[in-house]
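Here's the letter readout for the chains.
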Amino acid sequence: MSEYEAVIGLEVHCQLATRTKMFTGATCDFGREPNSQVDVVTLGLPGALPVVNGQAVELAVRAALSLNGTVAEHSKFDRKHYFYPDLPKGYQISQFDEPYCTGGSITIELEGGGTKVIRLTRIHMEEDAGKLIHQDGGKWSEVDLNRAGTPLIEIVSDPDLRSAQEAYAYLVELKRSLKWVGVSDCEMQEGSLRCDANVSIRPVGQAKFGTRCEIKNLNSFRAVEAAIEHEIRQQVALHKAGRYHEVVQCTKLWDPDLKTTKVMRTKENAADYRYFPDPDLPALVIPAARVEAIRSAMPELPQIREARFQSQYALERAAAKELTAESPIADYFEALIAAGCPAKLAANWTREEAIRLANDQHKPLTVAAPLPIMAELILLVANNKVARVVAKAECSELFASGQKPEAYFTAKDQIQVQDTAALAALVAQAIAQEAKVVEDIRSGKLSAAGRLVGVSMKLSGGKFNPNDVKAELAKQLGVAL
Amino acid sequence: MITDDNVRHLAKLASLTLDAAAVSRMRGELEAIVGYVEQLSQVDTTGVEPLTNVSGVVNVTRTDVPGPLIPTPTVLALAPARNEVAILVPKVVER
Amino acid sequence: MTTALQIASAVNAGTSARVAVTAALVKAKADTTNAIIRVHEARALAAADAVDARIKAGEQLPLAGVPIAIKDNLNLQGVEVTACSKILKGYIAPYTATAVERLEAAGAIVVATTNMDEFAMGSSNENSAYGPVKNPVDPTRIPGGSSGGSAAAVAAGIVPLALGSDTGGSIRQPASLCGVVGLKPSYGTVSRYGLIAYGSSLDQIGPLSTTVADTAVALQVMAGKDPRDSTSADRDATGIGSLPADARAALKGLRVGYVAAHEEGLAPGVRARLTAAKEALTAAGAVLVPVTLPHERFAIAVYYILATGEASSNLSRFDGIRYGHRTDSATTLSEVYGKSRVEGFGAEVQRRIMLGTYVLSTGYYDAYYKKAQQVRRKICDDYANAFASCDVLLGPASPTTAFKVGEKTSDPLQMYLSDIFTIATNLAGVPGISVPFGTDEQGLPVGMQLQAPIGNDQRLLAAAAGIEALAL
């Protein structure tokens, strides 16, 4: 493979999280009864007219800003013509030569370390088609127009990706950005995110691009990765065998079960879409002032927040990245800090415990692990009032109980004590009990100290901080431990 | 010059099943009309912005609030072929 | 002939709406011109009762109890709407066009649907799936098109007011040929929501009636921004239908522009009436101003590129899938499309779809569609220049009076050329009206067309009322 280079571009369609459709007031919820979200415009009735959903434009601009794109002051809508049962008007309203956004970029982390900037060509707005459901064994297909007219943005990358893994990372980062600013849920399973991949290969060093093939029907990020991997291997094999001419520009469908592709159509059958400006829709003007207003109303972008977590809280990159995977997580983490928790502990407890509880219960973080309780818990550990191991062990039960942590651990007699006199007495007792162990320690077996610490802890019912116990032990035995 | 092939191609784009006689007739008619509209090439339009709409409005939008729907039974009743939940078409080979 | 205003006055004063509606229903059912293709008896009588109830409750309605007919390209909830095409056979509209809704809210009552050229494509109403319409003045002649049915219905006295649509002259030309008043408002003045689209950047709905006063009231009721139509203009419609108290006196000092070239190629009878109109205007104190519209000679070419391009797109939705006619001889999907459309669309419609597809297709778009849009802008500029030196434009609505049935059907291009005086109006979006101004030597009606700058419909109606007064 190293003699060859893969060249990959991705086209991602993302449904905007609006209540109603792009050009009419029918709702566009997922999973409703077939043909229950249809109105005059959706059905493409004679005399129907489109009206732009202002909220869709707002979200589209947010998407552009979150991806570093340039929002055009003037853009327009065009009609794209083809006949298909899921396309009621016989044309799709899209944007052809004047999209609302050009340029942009997504920065991905490479597997071997380092980052890479993937450039975007453009983003444009358009409406979704309905669904065609093929009956098994029957002679009919069913048309469901619920989805027809749902607002979409199409995000087109430059062919900057060089591996299936990079493509995967691109999609993860794209989803993080779009979900962060409330543009979309980006759920491939629910169809709010769809991806087509354009793949070609060329010998390393060749400037000219090879013949590219488009792959569709990719239903998950992993499927995208697998399909691209498969296509690269196929194209390389053909090139090596001197059969590269068999690689023709075409569209293939990915079969997730068989893990292969099959050709759907070749370029000769490509349609003439007869694009022209939609005479029913006036131009879209988005002045710079409006773009700035939208930008300033947006939350701090995940990439910025991730970098700030590293610098402001001295967190490792991996931790910062996990804490900025989604904005509720980042908010939760910083709320803990605002409540007085030390950053490292807040990070650890958010990543390990809060997220686990939320995932187990399928509930939001603040519901599964309410902030006041988590903050109090972390502070108990920070102040040595509860041993860290104890806190971790009791975590799930604590939150299930609904009790406040101080009360909970007091009832369980697990609050660590700071009484030095009691500690001294206990340690003395342990030393008296374990003469053999003491002898081992004095004769140089320092590891045996662990057993004495354990015994002391047991005598104390776990109420002393193990580090304090060890220090007292060392003091009484006169040995450095 | 419009050929029969041109006409057949257009008919395909426009989803009109024309028989040979119709193709031939259409060819002559289109050629005459296109010949007539060719005169526009005489007009100097250097630097002239194409006009898409005369009403002079921009940025017409609506708020993201649900509007009236057509009830499902009415949607289906309009269709030439239907079952209880969907509009039916002859089975489609995947696009 | 009773006018709409006379009927409204009576109903507002307590006469039952059923009186005029029943009379109209009788005439509609007895129609021999084929102007009427559907009568809505039960619906109309129920609507009449509803109007009576509103009047009893103390309301006063601008068009109380006025029976109207609407062109078959206007959606009316619960009735069959077909654009006189076989492809929409059986389509029962689930909603009503905004313009019709507003008229009904103002007390008007839809009694019938009128015949038209299929999908509004035609100038003689000979392209209808329901058969041709006869001109009531002379049944061997056509009424004009595409709103031939609406013009004939008013001319035959079936209803005092009818709705038509105008994309290149389809209200004004039949109005002229039938001897009634026909108005195409400024583009964007009347909502297109619910009008089956032909040329989206050109279409307007408008009234046909026997008087300018009736026309003005109808426009006042229908005009104004509609949030459901994005091309609906921001223009304030207050007073748009207010006519001057003394229409003739209001002509004094009015600068009436005319294009000398418009006198060429006119039938003698039409030229005579045009001359008479100019003389009468001058006598009434109006000032005739020669103007030019240098690019008007390209208007037909521009129109037949833009309108057919837009139409080929607008008519893509008629595919046999969700409503209307579906062929019963298809086994594959592509047969459903190809056969349904060829069975459903008439010859003229198929021709325009093909032409429209051609001008939008890759490789031809720049030379045809884009070029036509550029020339269109030049035509708009011509109008702006002309209106710098005059208040309204005067000219004939049609080069001839009503021609014989079948006279122009053998050559589509010949038929297109008869739109020569009305087409530029739609390209510029300006309002235009045809007002009856006498007859030719055979007694066939001649209409004078007036145009005004875009958004100046009130000024246009005032001038029209003046011309009407001069014609009497």
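These remarks concern the structure in this document.

## What to know about the interface of chain B and chain C
Line of reasoning, step 1. Contact residues are listed per partner, giving 47 residues for chain B and 59 residues for chain C.
Line of reasoning, step 2. The contact between chain B and chain C buries some 4700 Å² in all, and 71% of this surface belongs to carbon and sulfur atoms.
Line of reasoning, step 3. Across the chain B-chain C interface, the total number found is one salt bridge.
Line of reasoning, step 4. Of the charged contacts, one joins E29(B) and R351(C) as a salt bridge, the two residues approaching to 2.9 Å between their closest N and O atoms.
Line of reasoning, step 5. Where chain B packs against chain C, one counts 18 residue pairs in polar contact (both at pLDDT 80 or more).
Line of reasoning, step 6. Of all the elements in the fold, those that place two or more residues in the side of chain B that touches chain C are α1 (4-13), α2 (20-37), α3 (72-78) and β2 (87-90) of chain B.
Line of reasoning, step 7. Residues belonging to the side of chain B that touches chain C are distributed by class as follows: 33 nonpolar, 10 polar and four charged.

## Structural notes on the environment of A22(B)
Line of reasoning, step 1. Relative to the assigned elements, A22(B) resides in helix α2.
Line of reasoning, step 2. Separated by 67 residues in the primary sequence, A22(B) and V89(B) have C-alpha atoms spaced 27 Å apart.

## Re helix α15 (residues 449-460) of chain A
Residue and element names in this part refer to chain A.
Line of reasoning, step 1. Between the first and last C-alpha of α15 there are 16 Å, a value that for 12 residues agrees with the 16 Å anticipated at 1.5 Å per step.
Line of reasoning, step 2. Restricting attention to buried positions, one finds in α15 the residues A449, L452, V453, V455, S456, M457 and S460.
Line of reasoning, step 3. Looking at the buried positions of α15, the neighbouring elements they touch are α13 (420-433), α14 (435-442) and α16 (466-477).
Line of reasoning, step 4. Once α15 ends, the next one or two residues include G461, with phi positive near 70°.

## Regarding the packing of aromatic side chains
The geometry of two aromatic rings is summed up by the distance between their centres and the angle between their planes.
Residues and elements named next belong to chain C.
Line of reasoning, step 1. Under the counting rule described, the total for this entry stands at 23 aromatic pairs over all chains.
Line of reasoning, step 2. When the ring of F119 is compared with that of F345, the centres are 5.8 Å apart and the planes differ by 65°; the resulting orientation is edge-to-face. Linking F119 in the loop between β3 (109-114) and α5 (148-155) with F345 in the loop between α10 (333-344) and α11 (347-360), this pair joins segments that are 226 residues apart in sequence.
Line of reasoning, step 3. With a relative accessible area of 3%, F119 lands in the buried category.
Line of reasoning, step 4. Under the relative-accessibility criterion, F345 is labelled buried at 3%.
Line of reasoning, step 5. Between Y365 and Y369, the ring centres sit 5.5 Å apart and the planes meet at 25°, which makes this aromatic pair stacked.

## Observations regarding the nonpolar core
Across soluble globular proteins, nonpolar side chains show a tendency to be buried alongside one another.
Line of reasoning, step 1. Core analysis: the largest hydrophobic core is formed by 206 residues, its most contacted members being L63(C) and F119(C).
Line of reasoning, step 2. At 10 residues, the largest contribution of residues to this core is made by helix α9 (residues 299-314) of chain C.
Line of reasoning, step 3. Setting aside residues no more than four positions away along its own chain, F119(C) makes contact with A83(C), S85(C), I87(C), L88(C), I196(C), Y198(C), L315(C), F318(C), F345(C) and V349(C).
Line of reasoning, step 4. Listed in part, the 109 residues of the second largest apolar core include Y100(A), C101(A), I228(A) and I378(A).

About the cut-offs
Residues numbered from 1 in each chain as written. Chains lettered and ligands numbered in written order. Predicted model: local features only at pLDDT ≥ 70, side-chain atom pairs only at ≥ 80, totals over all residues. Heavy atoms only, no water. Contact = heavy atoms within 4.5 Å. Buried area = accessible area lost by both parts, 1.4 Å probe. Salt bridge = Lys/Arg side-chain N within 4 Å of Asp/Glu carboxyl O. Polar contact = N/O pair within 3.5 Å; in protein donor to acceptor, adjacent residues only side chain to side chain. Helix = DSSP H or I, 4+ residues; strand = E, 2+ residues; numbered from the N terminus. Nonpolar A, V, L, I, M, F, W, Y, C, P; charged D, E, K, R; others polar. Expected span 1.5 Å × (residues − 1). Buried < 20%, exposed > 50% of the residue type's maximum accessible area, 1.4 Å probe, protein only. Phe/Tyr/Trp six-rings, centres within 6.5 Å; stacked < 30°, edge-to-face > 60°. Core = buried A, V, L, I, M, F, W, Y, C linked by side-chain atoms within 4.5 Å.

The analysis is restricted to geometry; functional conclusions fall outside its scope.
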